[in-house]
Amino acid sequence: MAVNQTAQVEKFYAIIGASGAGKTTLLSLLAGLDSPTGGTILYEGEDILAKGLNYHRKNHVSLVFQEYNLIDYLTTEENVRLGGTDKPGELLTKVNIPQEAWKRNVMKLSGGQQQRVAIARALASNAKVLLADEPTGNLDEQTAEGIIELLRQTAHELGKCVIVVTHSKYLANEADEIVQITNGIIGS
């Protein structure tokens, strides 16, 4: 699978498809976590391999992983600081993490809270592209609605390109554009 398109900033994209269709693989390619076996992935018209995948990951994208990938020996605040902010409280408030949990070890939080910390960490980055793999998968309906609104604001108000892989029809319908993947082929 290869991608040769530049996503438009200030848009919220949802990538949908059956399990095994290639959604997470596409996200990994866009994030520079994997290299394409053919074709080229461009960021602002330049092959992401030109400066290296590490450079691309550090400077162009922020990630919300399906399994959170939080640093288990750090606090909630410390995990968000890793995203690049010295004011983690503002972001933790936006994702509804209560202040009493900010200094708590992140592994003491519920799965839904850990997911929201991972989202706050991604939002802390100055990267123009936010990639998220099932960001509402472990959240209750009300919290999921708040996260979807936050992702929309990230695109429309902060001017970032937000690309989300999801099985949630509700989340997909809230996106500006829906991209369908079937057997590794991108359509719309």
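Attention in this report is confined to the structure presented alongside it. Each chain carries its own residue numbering, running from 1 in the direction its sequence is written. Given that the model is predicted, a residue must reach a pLDDT of at least 70 before its local features are reported, and side-chain atom pairs must reach 80 or more before they are shown or counted; all residues, however, enter totals for whole chains, interfaces and linings. Excluded from the side-chain calculations are hydrogens and water; all other atoms, namely the structure's heavy atoms, are used.

**Notes on the overall build of the chain**
Formally: Secondary structure counts use DSSP, requiring at least four H or I residues in a row for a helix and at least two E residues in a row for a strand, with both numbered from the N terminus. Note that the radius of gyration is over C-alpha atoms, with the globule rule given as 2.2 Å times the number of residues to the power 0.38. Buried, partly exposed and exposed residues are distinguished by accessible area as a fraction of the type maximum, computed with a 1.4 Å probe on protein chains only: under 20%, between the cut-offs, and over 50%, respectively. In what follows, a contact means two residues having at least one pair of non-hydrogen atoms within 4.5 Å. Only the protein chains shown count as cover for residues, and the accessible areas themselves come from Shrake-Rupley with a 1.4 Å probe. Under this rule, positive means Lys or Arg and negative means Asp or Glu; His and the chain ends count for nothing. By convention, charge coordinates are those of NZ in Lys, CZ in Arg, CG in Asp, or CD in Glu.
Each helix and strand in the chain was counted, giving eight helices and eight strands. By the compact-globule yardstick of 16 Å for 188 residues, the chain fits well, its C-alpha radius of gyration being 16 Å. Referenced to the eigenvectors of the C-alpha coordinate spread, the extents of the chain come out at roughly 50 × 35 × 30 Å. Going through the 188 residues of the chain one by one, you find that 50% of them count as buried. Counting only contacts in the chain whose residues sit at least 6 apart along the sequence, the fraction spanning at least 24 positions is 74%. With the model as given, the accessible surface of the chain reaches about 9,600 Å², and the carbon-plus-sulfur share is 46%. Positive and negative side-chain charges in the chain, numbering 17 and 22 respectively, have mean positions lying 5 Å apart.

**Some points on the pairing of strand S6 (residues 161-165)**
This is how it is decided: Between any two strands, at least two bridges found by DSSP are needed for them to pair.
Counting buried residues in S6 gives five out of five residues, a clear majority hidden from the surface. A two-sided burial pattern is seen for S6, the buried positions comprising Cys161, Ile163 and Val165 on one face and Val162 and Val164 on the other. Direction of pairing for strand S1 (residues 12-16) relative to S6: parallel, over a ladder of four bridges. In the sheet register, Tyr13 faces S6, and the bridge partner there is Ile163. Relative to S6, strand S5 (residues 129-133) is paired through five bridges, and the arrangement is parallel.

**Focus on unusual backbone geometry**
With a phi angle near 55°, Asn69 is a residue other than glycine that sits in the positive phi range. Checked against the element boundaries, Asn69 lands in the loop between strand S4 (61-64) and helix H4 (76-81). Unusually for a residue other than glycine, Asn183 sits at a positive phi of about 50°. Counting through the fold element by element, Asn183 comes out in the loop between strand S7 (177-182) and strand S8 (185-187).

**Points about the nonpolar core**
Under the convention used in this document: Nonpolar core, defined: a set of buried Ala, Val, Leu, Ile, Met, Phe, Trp, Tyr and Cys residues in which side-chain atoms within 4.5 Å join the residues together.
Core analysis: the biggest nonpolar cluster contains 35 residues, and Phe12, Val117 and Leu130 have the highest contact counts within it. Elements with a contribution of two residues or more to this core: S1, helix H5 (88-94), helix H6 (111-123), S5, helix H7 (141-156), S6 and helix H8 (169-174). When near neighbours in sequence (up to four residues on either side) are disregarded, Phe12 contacts Ile148, Leu151, Arg152, Ala155, Val162, Val164, Leu171, Glu174, Ala175, Asp176 and Glu177.

**Topic: the packing of H6 against H7**
Rules: The convention used is that axes are lines fitted to C-alpha atoms, helices contributing only their stretch in contact, and that angles between N-to-C directions extend from 0 to 180 degrees. Between 65 and 115 degrees an angle is taken as roughly perpendicular, under 35 as roughly parallel, over 145 as roughly antiparallel, and anywhere else as oblique. Three classes are used: nonpolar for Ala, Val, Leu, Ile, Met, Phe, Trp, Tyr, Cys and Pro, charged for Asp, Glu, Lys and Arg, and polar for all others, with Gly counted as polar.
Remark: H6 packs on H7, axes separated minimally by 12 Å, with the N-to-C direction vectors making an angle of 10°. Classified by the angle their axes make, H6 and H7 are roughly parallel. Only Thr143, Ile147, Leu150 and Thr154 of H7 make contact with H6, whose side of the interface consists of Arg116, Ile119 and Leu123. Across the contact of H6 with H7, the residue classes tally to four nonpolar, two polar and one charged.

**Some thoughts on the side chain of Arg121**
Applicable threshold: By definition, a salt bridge exists where a carboxyl oxygen of Asp or Glu is found within 4 Å of a side-chain nitrogen of Lys or Arg. The definition of a polar contact used here is a pair of N or O atoms within 3.5 Å, where within protein one atom must be able to donate a hydrogen and the other to accept one, and adjacent residues in sequence count solely through side-chain atom pairs.
Its place among the elements puts Arg121 in helix H6. Of the side chains bearing the opposite charge, Asp72 lies closest to the buried Arg121, which forms no salt bridge; the N-O distance is 10 Å. Separated by 2.9 Å, the side chain of Arg121 and the backbone oxygen of Tyr68 make a polar contact. In contact with Arg121, not counting residues within four places along its chain, are Phe65, Tyr68, Asn69, Leu70, Asn79, Val80, Leu82 and Gly83.

**Observations concerning the pattern of salt bridges**
Applying the stated criterion to the full structure yields five salt bridges. The salt bridge involving Arg152 is made with Glu149; its shortest N-O contact spans 2.1 Å. You can see Arg152 and its partner Glu149 sitting in helix H7, three residues apart, about one turn around the helix. A relative accessible area of 33% places Glu149 in the partly exposed class. One salt-bridge network, held together by shared partners, links Glu149, Arg152 and Glu174.

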